[in-house]
Amino acid sequence: MIRDFLVWMATEVGKGPGEYDPSWTDLLASSLNFWGLLEATHVLSLMLFAGTIFIVDLRLLGASFKQTPVSVISERILPLTIFGLVLMIATGVALFYAKPLLYYHNIWFRLKLIFLVIAAINIMIFHFRVQRNIADWDTLAKPPTKARLSAMISILSWILIITFGRFIAYDWYNCGKALPDWANAVQECQSSETGAVNLKGVAL
Amino acid sequence: MTMAPQDFFPHLADWVANLDDVFPGVLVKPYFAQFEVGHLLALVVLGGSSILLNLRLIGVGLTDETPREMNRNLAIWVHIGVIGIIVTGLLIGSSNAERLYTSEAFSAKMVGLLAGVVMTYGVTLPATRNNGEVGSLSRVCAIVGLAIFAVAIWVFLSAKLANPGLWHVIFAAGLIVAYATRGLTRIVYLSGAGLMIVAQQVMTHVVFKADDYANLDPTNKAFAWGFVVWILGAAIVHAVSSGRGANGGSFTKAMAFAAILVWVMTAAAGRWLAFA
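Residues numbered from 1 in each chain as written. Chains lettered and ligands numbered in written order. Predicted model: local features only at pLDDT ≥ 70, side-chain atom pairs only at ≥ 80, totals over all residues.

Asker: Help me understand the packing of helix H7 (residues 104-129) of chain B against helix H12 (residues 250-272) of chain B in this model?
Answerer: If you want to describe how two helices pack, look at the angle between their axes and the distance between the axes. Residue and element names in this part refer to chain B. In the contact formed by H7 and H12, the axes pass within 8 Å of each other and the chain directions differ by 150°. Between H7 and H12, the interaxial angle falls into the category roughly antiparallel. Read as a crossing pair, H7 and H12 show a hand that is left-handed. On H12, the residues touching Ala 105, Ala 108, Lys 109, Gly 112, Leu 113, Ala 115, Gly 116, Met 119, Thr 120, Val 123, Thr 124 and Ala 127 of H7 are Thr 252, Met 255, Ala 256, Ala 258, Ala 259, Val 262, Trp 263, Met 265, Thr 266, Ala 269, Gly 270 and Trp 272. By residue class, the composition of the contact of H7 with H12 is 16 nonpolar, seven polar and one charged. (Axes fitted to C-alpha atoms, helices over the stretch in contact; angles between N-to-C directions. Helix = DSSP H or I, 4+ residues; strand = E, 2+ residues; numbered from the N terminus. Parallel < 35°, antiparallel > 145°, perpendicular 65-115°, else oblique. Left-handed = near helix turned anticlockwise from the far one by under 90°. Contact = placed C-beta atoms within 7 Å. Nonpolar A, V, L, I, M, F, W, Y, C, P; charged D, E, K, R; others polar.)

Asker: What is the right way to read H7 of chain B from this model?
Answerer: A turn of α-helix holds 3.6 residues, and therefore any two residues three or four places apart point the same way. Residues and elements named next belong to chain B. With 26 residues, H7 should reach 38 Å at 1.5 Å per residue; the first-to-last C-alpha distance of 36 Å fits that figure. At Thr 120, H7 shows its strongest bend, of approximately 40°. The buried fraction of H7 is high, at 20 of 26 residues. Note on H7: the residue one or two positions beyond its end, Asn 131, has a positive phi of about 55°. (Expected span 1.5 Å × (residues − 1). Bend = angle between axes of the 7 residues up to and from the residue. Buried ≥ 20, exposed ≤ 12 C-beta atoms within 10 Å, placed from the backbone.)

Asker: What am I meant to see in the interface of chain B and chain A here?
Answerer: By convention, interface size is frequently given as the accessible area that disappears when the constituent parts associate. With 28 residues of chain B at the interface, the matching set in chain A holds 28 residues. Elements with a minimum of two residues in the side of chain B that touches chain A: helix H4 (32-58), helix H9 (166-180) and H12 of chain B. Broken down by element, the residue count for the side of chain B that touches chain A peaks at 13 residues, all from H4 of chain B. Of the residues belonging to the side of chain B that touches chain A, the class tally is 17 nonpolar, seven polar and four charged.

Asker: Just to check I follow, could you spell out the nonpolar core for this structure?
Answerer: Nonpolar side chains in soluble globular proteins tend to end up buried together. All names here are of chain B. If you look at the biggest cluster of nonpolar residues, it comprises 107 residues, and the most contacted ones within it are Val 44, Ala 152, Phe 156, Leu 261, Val 264 and Met 265. In terms of residues, this core owes the most to one element, H12, which gives 16 residues. Among all residues touching Met 265, those that are not within four sequence positions of it are Gly 112, Ala 152, Ile 153, Phe 156 and Val 169. (Core = buried A, V, L, I, M, F, W, Y, C linked by C-beta atoms within 7 Å.)

Asker: Hey, could you run me through the domain arrangement of chain A in this one?
Answerer: All names here are of chain A. Taken domain by domain, chain A consists of domain 1 (31-170) and domain 2 (174-204). Spacing between the C-alpha centres of domain 1 and domain 2 amounts to 32 Å. Each partner contributes residues to the interface: domain 1 has four residues there, and domain 2 has eight residues. Among the residues making up the side of domain 1 that touches domain 2, the classes are represented as two nonpolar, two polar and no charged. (Domains from an automatic or database assignment.)

Asker: What's the story with the confidence of the model for chain A in this structure? I'm lost.
Answerer: When pLDDT is low, close inspection of the predicted coordinates is not appropriate. Summary statistics for chain A give a mean pLDDT of 95 and a share of 100% for residues scoring 70 or more. Highest mean pLDDT in chain A belongs to helix H8 (residues 145-167) of chain A (98); lowest belongs to helix H2 (residues 24-29) of chain A (92). (pLDDT = per-residue confidence, 0-100.)

This is the structure in structure tokens:
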């Protein structure tokens, strides 16, 4: 169902009346400079977002700004982090829109999404549970275990998200290549345009 | 003549062609993607720490702490970031040398890196260590760093197909000014920028057709210069009108502003390597 929606989005949305009129996805993917600007903005917004959330996490781990209350660090730095996040999501969605089916059948993109969900859940837990009694540990050089655990999960999640995001550019597991059965299954290669081929070279 | 390394160092062609067959390039090549991730993570660490330090010198961000305290906590991450990008950059460069040798964007990135190192170690770190005071040595470094930055911009501007990457620098400069300004200055600045954005969209999407490159190219360049003048004008007005704060004057703020942009330009040139 998701794939059908993506096929419709990629081929029909924004398409003119002519048989060969491009869809918005085609226009975006084939733009001379706009796609490049989006991609580089995605990376630069990562510098702002991940770079600042990293500093907040270091404070929660008790490794930096030990004399500064956690609430002050959050209040001053998180607006920058959130701005970076909004820019990163906006450019990320646009990049996905340019090549939705390529990303849909990509194992690294799927892993990236899983860890984005983990990072988002971690933020929710921190915001609604861990931070509830922040007044008790706001000024402690070393915040309680639950806060440090949350910071550790955050740092690891974002490192993995960046790693998997970078790996998307590589074709190691692209559908249509001879792949292990698990890779064909995880990426739903059989429904992809290039199909699924196992390690024996047999089309599935 | 282009601005690629091969144009400046043509005698290195044979050495460059052989780099991916010898240590360390030959060892890095199979793990190119993994080293690229290391490069990106180092950039993130450098980006976060450098942005926060320089914003503090501008007078925004984590203003509850003194610049010296910021330096005490963040300098180590600046060092890790700079060493990280250089070491991973050398390693991935050695396994991909021929591609970089012919790239103008790579030239812009290398000159930008030099400017970034000079600005960071000559201005940002000493200025934050001295609570915003810029000594005479730092002033010399600032002038040298700015001159190198200007060369980097010129090289980037000359890099055909990669030069749209300069929009990132303009965009970042615009955001920093929007973040730093207050009150009427911010309202006037954002209104003017908004009008220019609308005007540019009308000119490049309504007045001229999408394939009319003969008109689109000069129009976009004219708007780029318009944005630069508008943003720098607002930055100067802010730096002068905000006066000398407790942690440095207009010069400190201007150099901190430039120090962020140097790293943005260097990172942008690195990314545009992939497109040109």
